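# Observations on the three-dimensional arrangement
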Amino acid sequence: MNLQALIEDIRQETLPFYDQGKVADYIPALASVRPRQFGFAIQTLDGRQYACGDADVAFSIQSISKAFMLALTLQADGEELWRHVGKEPSGNPFNSLVQLEYEHGIPRNPFINAGALVVTDRAIGHFGDAHSHLLAWLRAESGNAALSADETIAASEREHGDRNAALAHFMKSYGNLIQPVETVLNQYFHNCSIAMSCRELARAGLFLANHGASPQTGRHYLTRSQAKQVNAVMLTCGTYDAAGEFAYRVGLPVKSGVGGGLLAVIPGKMSIAVWSPQLDARGNSVLGLEALDRFTTATGLSIF
Ligand code: GLN
């Protein structure tokens, strides 16, 4: 199958979905993104890349950083991590507080904000500056040594981060956060505000399609079993309360971010990054979902 022609067709088919969603504005610095943009990039295990549209435009990866943070923390923490954070879908929005009290400060999964804050806390325990550790990894795998956090977005997240601060303090009261709240929030916001293009993101996520080892750098990040775990949690929790719809329509492990990016994994074959900033009510890219649905339907490359 001609993948380049296919993704260009998919781009044309999804453009009519512009303006059905809305750019995230609860982080004011994100609201200034030009809404009508669409990028698609595929990186295959045998070293090929296919891309179209705005695949070279850098965007805020936001919660896609949570997939990489989970991987690097799991690598250091092993099974211990799962004593501090669950692995079940939450069925609630990504920034919800309600479950935390019932469940004694143990977040449902590592991809809702509460869970990502716990993962960041544990990563700081292992690496000190977890953000720099993440950046070094992403730089090596994306092939862009200049990759960095967007300080304007990080500052905007901090300024409007009362919900995340509330989550962090609440978990600290249960003893499920070890580091100072300010330190965890600062690292979390910086991870979310890393700017990457679709091409870079597809390359950086390729280890998840290859049982935890990067075909690009030869580095082994996760065991086969851990790579399976991260992909499974992406499938069941990666798009929050829309994980059921994504499994139904796309059928792949996917992690989304409110910058409008989606990272999808086809184990044994390829990684895919799609980006379009307009989001649906659950915080996932409208065109991104349409594009991935069309891609797996046309190729038969879902895990189901
Ligand atoms: N930085 C965002 C937040 O904490 C990430 C949310 C997301 O991408 N779903 O609210």
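What counts as what
- Residues numbered from 1 in each chain as written.
- Predicted model: local features only at pLDDT ≥ 70, side-chain atom pairs only at ≥ 80, totals over all residues.
- Heavy atoms only, no water.
- Axes fitted to C-alpha atoms, helices over the stretch in contact; angles between N-to-C directions.
- Helix = DSSP H or I, 4+ residues; strand = E, 2+ residues; numbered from the N terminus.
- Parallel < 35°, antiparallel > 145°, perpendicular 65-115°, else oblique.
- Left-handed = near helix turned anticlockwise from the far one by under 90°.
- Contact = heavy atoms within 4.5 Å.
- Nonpolar A, V, L, I, M, F, W, Y, C, P; charged D, E, K, R; others polar.
- Buried < 20%, exposed > 50% of the residue type's maximum accessible area, 1.4 Å probe, protein only.
- Pairing = 2+ DSSP bridges.
- Near = heavy atom within 4 Å.
- Polar contact = N/O pair within 3.5 Å; in protein donor to acceptor, adjacent residues only side chain to side chain.
- Areas by Shrake-Rupley, 256 points an atom, 1.4 Å probe, with all protein chains shown as cover.
- UniProt positions renumbered as here; feature names shortened; annotations may be inferred.

Once that is clear, we can look at the packing of helix 7 (residues 162-173) against helix 8 (residues 181-192). Orientation of helix 7 relative to helix 8, taken along the N-to-C sense of each, is 135°, at an axis distance of 10 Å. Considering the angle they form, helix 7 stands oblique to helix 8. Here helix 7 runs over helix 8; the crossing is right-handed. Residues Asn164, Ala165, Ala168, His169 and Lys172 of helix 7 form the contact with helix 8, whose participating residues are Val181, Leu185, Tyr188 and Phe189. For the contact of helix 7 with helix 8, a count of residues per class yields six nonpolar, two polar and one charged.

What follows is about the pairing of strand 7 (residues 261-266). The buried count for strand 7 comes to six of six residues, which makes it a mostly enclosed element. In strand 7, alternate side chains face the same way, and those of Gly261, Leu263 and Val265 on one face and Leu262, Ala264 and Ile266 on the other are all buried. Strand direction decides the pairing type here: strand 6 (residues 254-256) and strand 7, joined by three bridges, are antiparallel. Each residue of the ladder has a partner; that of Lys255, found in strand 7, is Leu263. Here strand 6 folds back onto strand 7 in antiparallel fashion, the turn holding four residues, of which Gly260 has a positive phi close to 100°. Of the strand pairs in this sheet, strand 7 and strand 8 (residues 270-275) are connected by six bridges, and their pairing is antiparallel. Residue pairing across strands places Gly261 opposite Trp275, the latter belonging to strand 8.

Spatially, the five strands line up as an open sheet ordered 3-2-8-7-6, and their pairing is antiparallel. Each having just a single partner strand, strand 3 (49-53) and strand 6 make up the two edges of the open sheet. For this sheet, the mean angle separating the axes of adjacent strands, direction not counted, is 10°. For strand 2 (residues 39-44) and strand 8, the ladder comprises six bridges, and the chain directions are antiparallel. For Phe40, the partnering residue across the bridge sits in strand 8 and is Val274.

Moving on: the site of the ligand. Around the ligand, the structure places 13 residues, and the nearest of them are Tyr26, Gln62, Ser63, Glu157 and Tyr188. In the model, an oxygen atom of the ligand is placed 3.1 Å from a nitrogen or oxygen of the Asn113 side chain. Glu157 places a side-chain nitrogen or oxygen 2.6 Å from a nitrogen atom of the ligand. Its free accessible area being 300 Å², the ligand has 99% of it covered by the protein chains. Here the shell around the ligand is composed, by residue class, of seven nonpolar, five polar and one charged.

What follows deals with the UniProt feature "binding site: substrate" (unreviewed entry) in the protein chain. Look at the UniProt record and you will see "binding site: substrate" (unreviewed entry) annotated at Ser63, Asn113, Glu157, Asn164, Tyr188, Tyr240 and Val258. Inspection of the secondary structure assignment puts Asn164 in helix 7. Residue classification places Asn164 among the buried residues on the basis of a relative accessible area of 9%. If near-sequence neighbours (up to four positions away) are discounted, Asn164 is found in contact with Asn113, Leu117, Leu185, Tyr188 and Phe189. Separated by 2.9 Å, the side chains of Asn164 and Asn113 make a polar contact. Of note, Tyr188 is situated in helix 8. The residues contacting Tyr188, other than those within four sequence positions of it, are Lys66, Asn113, Ala116, Leu117, Thr120 and Asn164.

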